[in-house]
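# Summary of structural features
Here is how the chains run, residue by residue.
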Amino acid sequence: MSYQITVQPSGRQFAAEADETLLDAALRQGLTLPYGCKDGACGACKGKVLAGSVEHGKAQEHALKESEKAAGLALYCCATAKSDLVIECKQLGSVNDIPVKTLPSRIEKLEKLAPDVIEMHLRLPANERLQFWAGQYIDILLKDGKKRSFSLANAPHDDAVLQLHIRHVAGGLFTEQVFSTMKVRDILRFNGPHGSFYLREDSSKPMILLAGGTGFAPIKAIVEHAIAEQCQRPIYIYWGAKARVDLYQNALAEQWAAQHANITYLPVLSEPAASDAWSGRTGFVHQAVLADFPDLSGYQVYACGAPVMIDVARRDFTTTRQLPEEEFFADAFTFSAS
């Protein structure tokens with residue numbers, strides 16, 4: 001059984017199953033409510049139930065006192081609906097509404113997706129969660145005070161572990177460790193979330209998502225968030241890589257396109273190997289967009305990759321395809337070996 005939840009003062013509505021918390025249901029459908037630990041301990045998600053009844057679940061006494069329950073307050077990370085509800089909660093509206101944290105994490109998984117790309121899974125302490133917008137990044141804090149930035153490849157609702165796509169940089173201080181000595185259960189500290197590269201959900205425009213190499217990571221987060229909130233905007237994913245092996249999650253992108261009528265996926269290889277037997281698009285990925293779209297005036301573009309790709313895409317899309325400057329959102333990857 002599912003119940004209808006209305007959030008005031010915004011008036012937004014979502015459905016919650018009887019066995020899922022209000023917070024999980026909201027995040028699953030793209031509504032960004034404040035939260036902290038997701039475990040009933042911190043009180044960051046506390047709000048008032050204006051109409052209807054809830055089961056308080058595992059809310060801890062120090063975070064939600066009996067007097068507060070009697071006054072109609074609930075922890076949305078623990079509460080489940082017993083009827084249709086009207087709840088009071090300020091929805092987060094910008095990156096400035098989400099707190100930046102410094103947290104420890106434990107490496108839970110290291111999976112090689114390509115010869116030079118590892119997917120790292122980071123698990124947070126049991127009483128912590130990182131709230132973020134789809135497309136943002138975190139800074140891994142190294143022992144010498146330096147830091148390395150990596151985009152989060154998972155959507156905000158899927159935050160049990162954080163996913164990073166890490167490309168091997170020859171001589172790179174951090175990536176050399178990832179590909180040689182780092183192992184599961186090692187502890188890493190990070191700071192985040194950061195960045196203004198995230199899905200603008202207040203727009204109804206079709207989206208072109210442009211990824212180069214591991215720039216696919218935040219694009220993946222954006223797509224999975226859009227799918228979770230049942231976004232019906234047309235989404236065109238262009239993923240550029242050198243050879244077939246560099247499209248390290250090609251099957252996943254193909255699956256999105258096969259299962260969702262509003263999603264189109266077009267991989268582009270700049271230097272396909274003879275063994276690739278590649279019959280798809282070739283050349284530079286932004287040129288494939290130019291070939292397919294004579295007019296971008298009614299679109300949004302989200303681009304992530306090497307600075308040179310970002311710069312040329314911004315220039316060509318705005319000057320030759322009428323894309324408004326304010327509808328080009330970008331995250332340029334830079335690499336450091338020091």
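Numbering of residues begins from 1 in every chain and follows the order in which that chain's sequence is written. Given that the model is predicted, a residue must reach a pLDDT of at least 70 before its local features are reported, and side-chain atom pairs must reach 80 or more before they are shown or counted; all residues, however, enter totals for whole chains, interfaces and linings. The basis for every side-chain value is the complete set of heavy atoms in the structure, and neither hydrogens nor water enter the calculation.

### Quick look at the nonpolar core
- Membership of the largest hydrophobic core comes to 30 residues, with the highest contact counts inside it found for Leu209, Ile237 and Tyr302.
- In DSSP terms, a helix is any run of H or I states spanning at least four residues, a strand is any run of E spanning at least two, and both are numbered starting from the N terminus. With six residues, helix α4 (residues 216-228) is the largest single contributor of residues to this core.
- Residue contacts are counted whenever heavy atoms from the two residues lie within 4.5 Å of one another. Ignoring any residue separated from it by four or fewer positions in sequence, one finds Tyr302 in contact with Phe197, Tyr198, Leu199, Arg200, Met207, Ile208, Leu209, Leu210, Ile219, Ile222 and Phe329. The term nonpolar core refers to a set of buried residues drawn from Ala, Val, Leu, Ile, Met, Phe, Trp, Tyr and Cys, joined through side-chain atoms within 4.5 Å. When accessible area is computed with a 1.4 Å probe and restricted to protein chains, residues below 20% of their type maximum are described as buried, those above 50% as exposed, and intermediate ones as partly exposed.

### Here we look at helix α7 (residues 307-320)
- Expected span of a helix, by definition, is 1.5 Å for each gap between consecutive residues, and there is one gap fewer than residues. With 14 residues, α7 should cover 20 Å at 1.5 Å per step; its first-to-last C-alpha distance of 20 Å lies within 8% of that length.
- Within α7 the residues assigned to the buried category are Met309, Ile310, Ala313, Asp316, Phe317 and Thr318.
- Taken together, the buried residues of α7 touch β14 (207-212), α6 (285-292), β18 (300-305) and β19 (328-332).
- Positive backbone phi, approximately 60°, marks Gln322, located one or two places after α7.

### What to know about the pattern of salt bridges
- The rule for a salt bridge is simple: a side-chain nitrogen of Lys or Arg has to be within 4 Å of a carboxyl oxygen of Asp or Glu. Following the criterion strictly, the structure yields 14 salt bridges and no others.
- For Glu108, the salt bridge goes to Arg123, with nearest N and O atoms at 2.4 Å. Highlighted residues: Glu108 in strand β8 (residues 101-114) and Arg123 in strand β9 (residues 117-123), separated in sequence by 15 residues.
- A relative accessible area of 27% places Arg123 in the partly exposed class.
- Put simply, Asp116 and Arg167 hold a salt bridge, and the shortest N to O gap is 2.6 Å. In this pair, Asp116 sits in the loop between β8 and β9 while Arg167 sits in strand β12 (residues 161-167), placing the two residues 51 residues apart along the sequence.
- Looking at Asp116, the relative accessible area reads 24%, which means it is partly exposed.
- The exposure class of Arg167 is buried, given its relative accessible area of 17%.
- Among the charged side chains, a network of salt bridges with common partners joins Arg106, Glu108 and Arg123.

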